[in-house]
Structure formats: structure tokens, C-alpha cells
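# Chains, contacts and geometry: an overview
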Amino acid sequence: MKFAVSIGLEIHVQLRTRTKIFCGCPTTFGAPPNTQVCPVCLGLPGALPVLNREAVRLTVMAGLALGCRINLRSKFDRKNYFYPDMPKNYQISQYDLPLCVGGGLEIETPAGRRFIRLRRIHLEEDVGKNLHFAQSSGVDFNRAGVPLMEIVTEPDLTSADEAHTFLLALKEVLLHGGISDCNLEEGNLRCDVNISVRPEGADELGVKTELKNLNSFRAVHRALDYEIRRQIDLLSCGRTVVQETRRWNDELGITESMRTKEEAHDYRYFPEPDLVPVELTEEQLTEWRAQLPELPAARRARLVREYGLPEYDAKVLTADPDVADFFEAAARRSQQPKIVSNWIMTEVLRVLGERGSSIRDLPLTPDALAELIEMVQRGVINMPAAKSVLAELMEHGGRPAEIIERRGLVQISDRGALEPVVEEVLRDHPGPAADYRNGKAAALQFLIGQVMKRTRGKANPKLVAEVLRARLESQSPSS
Ligand SMILES: [Zn+2]
């Protein structure tokens, strides 16, 4: 029997705000436990929340970028539950009137483009984090009250690959929109997954399970692969899937039953009495729409159109808006967009990948890269020397001209300076010279190599070949 898979995602995204959603505590990552707290985010009795308008603006911006309908009137609700990470015993979230409804995102799959629908985007507060030690446990409330938006998709995704592609595309939109830093290591983007399997052709969705503890896009992919297999195996041998929440065990590579799935009514949602509803106006939305930065798909198309880049280059460069900005700055300066793109895609992205750092942290500037490329084009230095200059620029910054001068890397492009070296090489290697004259073209490479060696890599290889050829073909060795 063949099976169809339906996957829906619930993605929690930390918004790029300086302060928490209902108080003025900072959202900076990595502070010692319980140093970024106050009566509001600790949930002390009598402390009243005040809404951070920037969190609302960023959520609406996400909604606009993803084609959602924006509710001009939305409200906050209390989601009641009992757990040590939430001293109020409720989380402030949005229930029946979220900020954004509908919308979606197009992804590219091997079978063509697919539109993945969104159900809603709502705003809520993050909770604390339980920490477990040998003899005791503790709670860190630094994260409590950090603004999150929850993006819920319809169950339109049909494979682990598609879910992975969707997450990457969503991350691009959020980065380009300046909505979130999307730093997975810092928990900026967390994902829960709903998944069900049914016999192909069946009208109704199968029983779904929810997967938690997915800390990376890779974990989402692996967990889905495992869970799809598990559910198909159950159904294939006539058994049923239990509706439940399962935890992904990354070490063992399996999902484990956590609890039977709770329904919305278990949370006893009710309207938050301490916050007035959020009222937006059409004028406000128009203004925010105008502030929306260029999104990845539009930017890709523009890079192809304006700089004549191949689609592939445009896609690689726009995966990170900072990289795309860097490219555009360097391309405008150098007037050699394809060459700039090649250098960024190979050398620069390789170094960023190795260091796990952002292009913003590199001391290399777009101007310096453009200048370096120009010097290669003008024949001032050769490629191997340029690569070594680039490595230095990425490590310490500086101006290419100064580095080239200091390290004596200027290419020897002066025929008069090369001719004596060529003579020396021909005198010392009569064998290969004779081979070349007898028709063994490959011998030329050896001779070029010898000249490069004697000039410590600084000779212009093209010119070396030219001088060698002229010398070998026009004159006899004895002349
Ligand atoms: Zn606080």
C-alpha cells in the first residue's frame, strides 16, 4: 500500500527587540541566570504587563511579508497550565484573535514550486528554562517574557525534505525582513511538528502525532524521516497510530512517547484582563507595508536582472541578506559582478562556514574585495598571490595595495625582467626545451613552473608562457 504524508509546522520565532514583550528587561542572550528579570516577567502578584509595540510591529511585518491578512483588532489571552518554568501558571498568548491569519510561502521542490499555506501568526511570551543539576533543579527566568511569534502552517508539507526547505525559505524571509536574527544556537527559532500518514487516496487525514525537542533544522529532518517510517510501519501491519506528543531523542535517533496530546480546551484559555486589545489602523498598515524591505524572491530576481548573475549565484548570495548587501556593495565598486560573486561564493563563504561567523564580523570590507579583484584584472598580482592577500584581509582587514606592497607580491609583468630568468631556465633544463621543440607541448608547463619558482610565484604566468614560447619557437638554443 502507498501512503500520503501530511506535515504541519509550529515555529516559534524570537523577535528582534531590545526588551521583553511586557516589561523593560533586556533580551540579550547568555547572561547569568535570573539577571534579566523584574516583577513583571517573574509573574509576581500585582505586577502589570505593558505591551512592547515593537513586538507587534515586527509580527505584523512578518504577516505582511508572508501575505497574511492582518487583524485590525486582536487581543491577548491566558493559556493556563502548571509548570515550574511559568510562575504565573499561565502564559500570555493569543487564542481566537491572532494578529495575522492565512498567507503562505512558496517553496521550490524537485516536483516544482509549491505554495505552503499558513494558518496564523500570533504573538506570545516565552517562558523560563528549567535547569537540572545532580541533586536539584533550578529555573532561569531570563527568557521568560521574551517576545515570540508563533507561525502555524496548514498540514501542506508532504515530506521531511519539504519541511526542511520550507524552514530555510522562512528563515530567509525573516532575516531579510529584519524580523528575527534566526540564530538557532541561541534558540531564536524553535520548531514543533505535527505529522500524520494515511493510505494514498484517503480523504481524511490520519491520526497525528506532535514532535517536540527539535533543536535544529537537521533534527526536524531526521525526526520526520523516523516518524514517517514509524507510522507507516504501524499502519502497514494493521495497527493504529496513537494521538500523542512525542519527544525527539537526537542521540538515539528515535521519537519517544511523552504524553497523550492535550486539546486546546485543556488550557482553559480566557481573555487577558490586564491588557487592552491591540487596535491597528489601515494607515498604520500602509505605513508598515512601505517599510517592508525587499524580500528574498524579489532580491534574487533583481540580482539576476541588474548584475547579470546566474540564478544559482543569486540564490546562494541571498540566503543571508548581509552577504547579499556585501555582494552589492563590492559589485557596484568593481563593475565585475560575476567575478565578485565567484570570490564570495568560494573563498569568503568557505571561511564564514569554517568559523561559523557572520560576514558582518569579518574585517574584510566590500571596497577591499573590489580593489583586490581590480588588481588581479589589471595584472598587478596573480591569482595565488591574490588568494593569500584575501586570507589576510579576512583575518586582519587592511588595504590590498598596502598588503601587496609590504609582502612584495607585485606580479612581474615586465618582459625585460622575465627574459633573463627564462634564459636561465632554458640553459639549466635543455631536456624539456628540446622535448618542446620536438612537439611535446606538455614540456612547456614544466618550464613555466620553473620560471614561477625562480620568481617566487610573482611572475605573470601568461607572460611567462608567451616569452618561453617565443624564445623556443623563433631561435635555436645555441643562438
Ligand atoms: Zn522583566
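Keep in mind that this is a model prediction, so the values were computed, not measured.

## As for the packing of helix α12 (residues 415-428) against helix α14 (residues 443-454)
Where α12 contacts α14, the two axes come as close as 10 Å, and the packing angle between them is 125°. Here α12 lies oblique to α14, going by the angle between them. As for how α12 packs across α14, the hand of that crossing is right-handed. In this structure, α12 contributes V421, V422, E424 and V425 to the contact, and α14 contributes L447, Q450, V451 and R454. The residue inventory of the contact of α12 with α14, partitioned by class, reads five nonpolar, one polar and two charged.

## Quick look at the domain arrangement of the protein
What the domain assignment reports for the protein is domain 1 (3-283), domain 2 (294-406) and domain 3 (415-474). Taken over C-alpha atoms, the centre of domain 1 sits 36 Å from the centre of domain 2. The interface of domain 1 with domain 2 comprises six residues on the first partner and eight residues on the second.

## What about the sheet that holds strand β16 (residues 270-271)?
Strand order in the open sheet formed by three strands is β5-β4-β16, with antiparallel pairing between adjacent strands. Only two strands of the sheet have a single partner each, and these edge strands are β5 (90-93) and β16. Where strand β4 (residues 77-80) lies against β16, two bridges are found, and the strand directions are antiparallel. In the sheet register, D77 faces β16, and the bridge partner there is P271.

## Thoughts on the pairing of strand β10 (residues 137-140)
Sheet faces and side chains relate simply in a regular strand, where the side chains alternate between the two faces. Relative to β10, strand β9 (residues 129-132) runs antiparallel, the two being bridged by four bridges. Residue pairing for β10: H132 is matched across the bridge by S137. Joining the antiparallel neighbours β9 and β10 is a turn of four residues.

## Overview of the environment of P87
Secondary-structure assignment places P87 in the loop between β4 and β5. Residue class for P87 comes out partly exposed when judged on the 17 C-beta atoms lying within 10 Å of it. Between the C-alpha atoms of P87 and L214, which are 127 residues apart in sequence, the distance is 25 Å. In this structure P87 touches L42 and G43, once residues within four positions along its chain are discounted.

## Considering the nonpolar core
Ranked by size, the top nonpolar core spans 62 residues in total, and within it A62, A163, F166 and V193 carry the most contacts. With residues near it in sequence (within four places) discarded, A163 still touches I7, L9, L157, V220 and L224. Within the second largest apolar cluster, 33 residues are counted, among which are A324, I381, I403 and I404.

Procedures and definitions
- Residues numbered from 1 in each chain as written.
- Predicted model: local features only at pLDDT ≥ 70, side-chain atom pairs only at ≥ 80, totals over all residues.
- Axes fitted to C-alpha atoms, helices over the stretch in contact; angles between N-to-C directions.
- Helix = DSSP H or I, 4+ residues; strand = E, 2+ residues; numbered from the N terminus.
- Parallel < 35°, antiparallel > 145°, perpendicular 65-115°, else oblique.
- Left-handed = near helix turned anticlockwise from the far one by under 90°.
- Contact = placed C-beta atoms within 7 Å.
- Nonpolar A, V, L, I, M, F, W, Y, C, P; charged D, E, K, R; others polar.
- Domains from an automatic or database assignment.
- Pairing = 2+ DSSP bridges.
- Buried ≥ 20, exposed ≤ 12 C-beta atoms within 10 Å, placed from the backbone.
- Core = buried A, V, L, I, M, F, W, Y, C linked by C-beta atoms within 7 Å.

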